[in-house]
Amino acid sequence: MSGDSLLDRALVRLEEAAGHLQIDQDVIEKLKYPRETTKTRLLIRMDDGSRKSFQAWRCRYDDTRGPTKGGIRFHPHSTMEEVETLAFWMTFKCAVMNLPYGGGKGAVQVDPHSLSKSELERLSRAYVQAFASTIGPDRDIPAPDVYTNAMIMGWMADEYSQITGQVSPAVITGKPISLGGSLGRNDATARGGFYLVRNLASELGLDRDHTVAIQGFGNAGQYYARLAASDRNTVIAVSDSAGAIYRPGGLDVEALIAGKSSGRRLIDMAADQGAHAIDAEELLSVEADLLVPAALEDMITADNAARIKAKVILELANGPVTPGADKILNDHGVVVLPDILANAGGVTVSYFEWVQNRQGFYWDLEEIHSRLLKIVEREGRAVWSIAKERGVSVRSAAYIHALDRLATAIEAHGTQSFFAG
Ligand SMILES: NC(=O)C1=CN([C@@H]2O[C@H](COP(=O)(O)OP(=O)(O)OC[C@H]3O[C@@H](n4cnc5c(N)ncnc54)[C@H](O)[C@@H]3O)[C@@H](O)[C@H]2O)C=CC1
Ligand SMILES: O=C(O)CCC(=O)C(=O)O
């Protein structure tokens, strides 16, 4: 790959995996470009009567294995390229877990914290109005991502039902339970990562009482902290967008979650916890056995990777480690459990939600957890075996596993279906 954009760097992983498989070059060519990206501006009325417009995108990267699937992000720095890269990752994530989906993603370039609740609702409804013909239960199925949540998914599902004149809960996942959401979707991203670490703990050299540092304290980070603490791990450092806190003896996770839900920043809770406020970057190099990036992409780079002391990195965020950092971590013996496997619990329980919506019959939490566990263990073990057998990183193994499935499906469709002439 020639350039150094986010998508170019993501495609490096595709090329690497392709080198390990006998795959038709047409397959690789197909996976290098998004199938369709739609861009629009959403125009909404603000509470004071003024008008504002926001750039928005939805990308359907590849639908060979099923309808495209992936979250919607509301973030002031979102770009079209970020959306396409996230949709590329979704394509591989769904294939790693063997879910019957392709990959998609969407975003609005907005700081949602600057909007009132009614402005946020109008923006969410405007997104669905703009993309009503892109999304659909058999075409493209959104879900929550950074700075979006169940409430927003509920508004979006409602808007879609109003537009189509039909109740269509399966068009969006991550909805409130009262609107057809699934039990267990709230902590599914963290739980999938937690099951993966627990299953591979002895191979990873992690004791039951290992220490954990978590970057990002939203849906993925908070639930990981809770699951880890309840399994006798010690959470020693956490961060949010305002800064990080560190206490070598362990933090009180439940108090931090309660504080965050009442609108406090982590650094404002440092004193209550007997913790030090540290530089956000310093969180990456604390003496923790496990480092969990759970914020945004490109956080661990060639510039800071050598300072990491953790034995294992669990990528709950999408794309937190750059290819340059991967090399350094590998040389230092740090094992990276890659995003497309580590954070796939979220989309897996989204799949369960979609299945339940379509069958109109809902499972209890025990069933959700046992189905998730089975898939994470099955695919996690398969990826681990590929890594050992081929002597490659866990990331390369996950890409090889996914690409094998994607190539089989692309070839089954027939390559003439997408190359004219
Ligand atoms: N929510 C989900 O189901 C899934 C989320 N992910 C990924 O997990 C990551 C986090 O997503 P969510 O937890 O859903 O988002 P969220 O919106 O619930 O939380 C994001 C958190 O990151 C923090 N943050 C933002 N910038 C930061 C920075 N520079 N340093 C430290 N913290 C920072 C925010 O303060 C907030 O605590 C993203 O990469 C997302 O794509 C992946 C799979 C599924
Ligand atoms: O739950 C989903 O469908 C997608 C979640 C997502 O956007 C992700 O895994 O990055």
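As recorded in an unreviewed UniProt entry, the protein goes by the name Glutamate dehydrogenase, listed as coming from Devosia salina.

A. Spatial organisation of the site of ligand 2. Neighbouring ligand 2 are 14 residues; Lys69, Gly71, Lys93, Lys105 and Ser350 lie closest to it. Lys93 places a polar side-chain atom, nitrogen or oxygen, 2.6 Å from an oxygen atom of ligand 2. One nitrogen or oxygen atom from the side chain of Asn318 is found 3.0 Å from an oxygen atom belonging to ligand 2. Considering ligand 2 on its own, with 290 Å² of exposed area, one finds that the protein chains cover 95% of that surface. Elements with a minimum of two residues in the shell around ligand 2: helix H3 (80-96) and helix H12 (345-359). It is H12 that provides the largest number of residues to the shell around ligand 2, a total of 3 residues.

B. Representation of the pattern of salt bridges in the model. Scanning the model with the defined rule gives 34 salt bridges in all. Of the charged contacts in the structure, one is a salt bridge between Lys105 and Asp145, with a shortest N-O distance of 3.2 Å. One end of the pair, Lys105, is in strand E5 (residues 102-109); the other, Asp145, is in the loop between strand E6 (140-141) and helix H5 (150-164), with 40 residues separating them in the sequence. Like Lys105, the residue Asp145 is buried in the burial classification. One continuous salt-bridge network, built from bridges that share partners, spans Arg13, Glu315, Asp326, Asp339 and Arg395.

C. How the structure looks around the site of ligand 1. Inspection of the region around ligand 1 gives 23 residues, with Asp145, Tyr147, Thr189, Asn219 and Asn318 positioned closest. Residue Tyr147 places a main-chain N or O atom 2.8 Å away from an oxygen atom belonging to ligand 1. Here an oxygen atom of ligand 1 and a backbone polar atom of Phe217 are 3.1 Å apart. For ligand 1, the protein covers 88% of the area, taking 830 Å² as the surface of the free molecule. For the shell around ligand 1, the elements supplying multiple residues, two or more each, are helix H7 (219-230) and strand E8 (234-240).

D. Quick look at helix H8 (residues 253-261). Of all the positions in H8, only Val253, Leu256, Ile257 and Gly259 are classed as buried. One side of H8 holds all its buried residues, which, seen down the axis, span an arc of 160°. Buried positions along H8 lie against H7, E8, strand E9 (243-246) and helix H9 (270-273). With a side-chain oxygen positioned 3.3 Å from the backbone nitrogen of Glu254, the residue opening H8 is Asp252. Residue Gly263 follows H8 closely and has a positive phi angle near 90°.

E. Looking closely at the environment of Lys117. Tracing the chain through its elements places Lys117 in helix H4 (residues 117-130). The exposure class of Lys117 is exposed, given its relative accessible area of 56%. Considered as a pair, Lys117 and Asp47 are 70 residues apart in the sequence and their alpha carbons are 9.9 Å apart. Once residues within four sequence positions are removed from consideration, Lys117 is found in contact with Met151 and Trp155.

Conventions we followed
- Residues numbered from 1 in each chain as written.
- Chains lettered and ligands numbered in written order.
- Predicted model: local features only at pLDDT ≥ 70, side-chain atom pairs only at ≥ 80, totals over all residues.
- Heavy atoms only, no water.
- Near = heavy atom within 4 Å.
- Polar contact = N/O pair within 3.5 Å; in protein donor to acceptor, adjacent residues only side chain to side chain.
- Areas by Shrake-Rupley, 256 points an atom, 1.4 Å probe, with all protein chains shown as cover.
- Helix = DSSP H or I, 4+ residues; strand = E, 2+ residues; numbered from the N terminus.
- Salt bridge = Lys/Arg side-chain N within 4 Å of Asp/Glu carboxyl O.
- Buried < 20%, exposed > 50% of the residue type's maximum accessible area, 1.4 Å probe, protein only.
- Arc of directions from axis to C-beta.
- Contact = heavy atoms within 4.5 Å.

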